[in-house]
Amino acid sequence: MYSLMSPSSSIASSSSSFLGQTHFSSRTSNDRLPTKYSWICKCVTTPPTEKTAYTTKVSRNANMAKLQAGYLFPEIARRRSAHMLKYPDAQVISLGIGDTTEPIPEDITSGMAKNSMLSHSKDHTAPPYGVLCHKRNEPNFLDSAVIGKAHALSTLEGYSGYGAEQGEKQLRAAIASTYYGDLGIEESEIFVSDGAKSDISRLQVMFGSNITMAVQDPSYPAYVDSSVIMGQTGQFQKDVEKFGNIEYMKCNPENGFFPDLSAVLRTDIIFFCSPNNPTGSAATRGQLTRLVQFAKDNGSILVYDSAYAMYISDDSPRSIFEIPGAKEVAIEVSSFSKYAGFTGVRLGWTVVPKKLLYSDGFPVANDFNRIVCTTFNGASNISQAGGMACLSPEGLEAMRKVVGFYKENTSIIMETFASLGFSVYGGKNAPYAWVHFPGRSSWDVFSEILEKTHVVTTPGSGFGPAGDGFIRVSAFGHRGNVLEACKRFKQLYK
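A quick note: this is a predicted structure, and the numbers were derived from the prediction, not measured.

Moving on to helix H12 (residues 442–453). Over its 12 residues, H12 extends 16 Å from the first C-alpha to the last, a length consistent with the 16 Å expected when each residue adds 1.5 Å. N-capping of H12 is provided by Ser441, with a side-chain oxygen placed 3.3 Å from the backbone N of Trp443. Looking at the residues trailing H12, positive phi occurs at His454, about 60°.

Quick look at the structure:
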């Protein structure tokens, strides 16, 4: 842009160009400007306008901004990837994220294929086409189920579209009879899903933002993060590593990993996982009886996560509905993930009893049914065929063997850390060892182990402030990797 400047005035011109200092006159003497004015033309450069990206007028959910860093397990995966780039030749062993490693038992995958394929043969007892036979340490990619279902979907007789959002009637009935046969849970109270984690979020959507919640500390991060996203919490308080408006129920060795309920404030919702992830502790019958009574006294709803119930080896309850009165206060979420290796197949369920009512008498199950029908089109029919196979006599036996294998891994890990002088908890009723490093930061221990042994664990503080000073070591790994990891632990901490 160009401008004319004088001692007393400034005249902008968009039609003339001037270079340097000049005296100028008009074309007529009558319009001549006095010569005492010395006009200076300066060339003023206008900075280029930076093009801004188009934005919508939709405001971001302010609750998303309250979340701290990333979700725990992707952050661990990121650090693992960075470590592998730093040490490309290292044999990295992952005992951090609780992903299963052993092949799904053939009794289950065969059932998935058989139940998802419409055979053209009249002999329906013949083995289904495409079933992959595999040994324990050979990969199993569910090809048989995919081939079978793809074949069925290409026929008029075998094609199926949307199924019932609540799950196939046969599978719901099988879950009810297998896990709740003598507890009075009906098929209609069971909602089949793509996993417990998904159902936790669906429950939070149902509860809405105007509720208060309590959670074990430490506990599975999805409970807290979903509460933050829903707007149930206050801001993150860095001095105590907690979100406002959440009641953190401390669970540590001093209280046997069960909270002092007399010190817990009343909340609308209580999240409780047993056996607990990450501590591996299972609540006793007496403790759960007190918890159910606590919920009833406060008019709270208890969301009970039983995803590891099949790992229980003592007389601890496997379902909250073993406790009298629980149907009036509790919801139970569970999953096939850690029983049958369905972490990738995705299949779980939630039980919402008809007796569970809101303060106005409206059934909670009715609202959850609406949420499910609105946000979900039902679990995959292939996955549900696998669920039926899991609940057959052969499938149940196969799952017990898978669980037994991981529990053997847990014993190896527990014994390793105990022999090194560490206090180690869990293990007996869960596939996790909870190892104490007094006075140390969990992330520092995580980094030390990864850097010096190339083994991935999980820092305890990722599960809540009471988890700092601990690491969680997962038993989900091939036996050779578990043994090698323990060998490296001994070399590091001997």
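Counting buried residues along strand E19 (residues 470–474), 5 of its 5 residues qualify, which places the element largely inside the surrounding structure. Of the two faces of E19, the one carrying Phe470, Arg472 and Ser474 and the one carrying Ile471 and Val473 are both buried. Pairing analysis gives 2 bridges linking strand E18 (residues 458–459) to E19, with the strands arranged antiparallel. Counted as the bridge partner of Pro459 is Ile471 from E19.

A few words now on the sheet that holds strand E14 (residues 348–351). Strand order in this open sheet of 7 strands is E6-E14-E13-E12-E11-E7-E10, and the pairing throughout is mixed. One side of each edge strand has no neighbouring strand; the edge strands of this open sheet are strand E6 (190–193) and strand E10 (246–250). Going from strand to strand, the sheet's axes swing by 20° on average, the running direction of each strand aside. Relative to E14, E6 runs antiparallel, the two sharing 4 bridges. By the bridge assignment for E14, Ile190 is matched with Val351. Strands in contact with helix H6 (residues 221–230) are strand E7 (213–217), E10, strand E11 (269–273) and strand E12 (301–305); relative to E7, the strand with the most contacts, it is inclined by about 150°.

On to unusual backbone geometry. A cis amide bond links Asp217 with the next residue in sequence, Pro218, at an omega value of 10°. Even without a glycine there, the phi angle at Phe257 is positive, about 60°. With respect to the helices, strands and loops of the structure, Phe257 is situated in the loop between E10 and E11. Phi is positive for Arg346, close to 70°, though the residue is something other than glycine.

In this section: the sheet that holds strand E15 (residues 424–426). Pairing between sheet strands relies on hydrogen bonds along the backbone, with the strands arranged either parallel or antiparallel. Across the sheet, which stays open at both edges, the 4 strands sit in the order E15-E16-E19-E18 with antiparallel pairing between neighbours. Since the sheet does not close on itself, it has two edges, and those belong to E15 and E18, each with one partner. Of the strands in this sheet, E18 and E19 are in contact with H12, which crosses E19 at around 45°.

Looking now at the packing of aromatic side chains. Inspection of the entire model under this criterion finds 26 aromatic pairs. With a centroid separation of 6.5 Å and an interplanar angle of 85°, the aromatic rings of Tyr311 and Phe476 are classed as edge-to-face. Of this pair, Tyr311 sits in the loop between E12 and strand E13 (330–335) while Phe476 sits in the loop between E19 and helix H13 (479–493), and the two are 165 residues apart along the sequence. A relative accessible area of 0% means that Tyr311 is categorised as buried. The exposure class of Phe476 is buried, given its relative accessible area of 1%. Among the aromatic residues, ring-to-ring pairing joins Tyr308, Tyr311, Phe405, Tyr406, Tyr432 and Phe476 into one connected group. Lying across the ring of Phe191, Arg172 places its NZ or CZ 5.9 Å from the centre.

Definitions and limits used
Residues numbered from 1 in each chain as written. Predicted model: local features only at pLDDT ≥ 70, side-chain atom pairs only at ≥ 80, totals over all residues. Heavy atoms only, no water. Helix = DSSP H or I, 4+ residues; strand = E, 2+ residues; numbered from the N terminus. Expected span 1.5 Å × (residues − 1). Polar contact = N/O pair within 3.5 Å; in protein donor to acceptor, adjacent residues only side chain to side chain. Buried < 20%, exposed > 50% of the residue type's maximum accessible area, 1.4 Å probe, protein only. Pairing = 2+ DSSP bridges. Axes fitted to C-alpha atoms, helices over the stretch in contact; angles between N-to-C directions. Contact = heavy atoms within 4.5 Å. Phe/Tyr/Trp six-rings, centres within 6.5 Å; stacked < 30°, edge-to-face > 60°. Lys NZ or Arg CZ within 6 Å of the ring centre and 35° of its normal.

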